[in-house]
Amino acid sequence: MTTEPHTEAQEACDELAAVLRQAGIVLPSLGVDPVSCARPYPRPLVELGRCNLETARRLTAALARAAR
């Protein structure tokens with residue numbers, strides 16, 4: 001994995017998106033928050049964004065299954 005904060009954050013975001021897709025979940029606003037990468041000492045954030053009710057319920061169900 002790279003040490004470039006934005007690239008590392010994008011890799012984490014891509015990995016999350018891939019795992020969510022395997023569970024049939026797409027977060028349309030998933031991405032790296034550019035403002036958090038623009039600071040002198042970047043602390044990148046992954047923006048999960050907004051989703052509809054159906055997606056929220058699918059995400060809840062997937063997390064509940066994983067927690068068992």
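So, a few notes on the structure that sits alongside this text. Only a predicted model underlies this, so the values are computations on that prediction, with no experimental measurement involved.

**Section: helix α3 (residues 53-67)**
In a regular helix each residue adds 1.5 Å, so 15 residues correspond to 21 Å; α3 covers 21 Å between its end C-alpha atoms and thus fits that length. Between the side-chain oxygen of the N-cap and the backbone nitrogen of E54 there are 3.3 Å, and the N-cap of α3 in question is N52.

**Focus: the environment of A61**
Looking at the secondary structure, you find A61 in helix α3. With a relative accessible area of 32%, A61 lands in the partly exposed category. Considering only alpha carbons, one finds A61 and A23, 38 residues apart in sequence, at a separation of 9.9 Å.

**Describing the nonpolar core**
In terms of nonpolar packing, the biggest core is built from ten residues, these being A9, C13, A17, L20, I25, L27, L30, V32, C37 and A62. Beyond its immediate sequence surroundings of up to four residues, A62 is in contact with A23 and I25.

**Here's the deal with the environment of G31**
Considering the arrangement of structural elements, one finds G31 in strand β1 (residues 31-32). Take G31: its relative accessible area is 16%, and that puts it in the buried class. Separated by 17 residues in sequence, G31 and D14 place their C-alpha atoms 8.3 Å apart. Once residues within four sequence positions are removed from consideration, G31 is found in contact with C13, L45, V46 and E47.

What counts and how
Residues numbered from 1 in each chain as written. Predicted model: local features only at pLDDT ≥ 70, side-chain atom pairs only at ≥ 80, totals over all residues. Heavy atoms only, no water. Helix = DSSP H or I, 4+ residues; strand = E, 2+ residues; numbered from the N terminus. Expected span 1.5 Å × (residues − 1). Polar contact = N/O pair within 3.5 Å; in protein donor to acceptor, adjacent residues only side chain to side chain. Buried < 20%, exposed > 50% of the residue type's maximum accessible area, 1.4 Å probe, protein only. Core = buried A, V, L, I, M, F, W, Y, C linked by side-chain atoms within 4.5 Å. Contact = heavy atoms within 4.5 Å.

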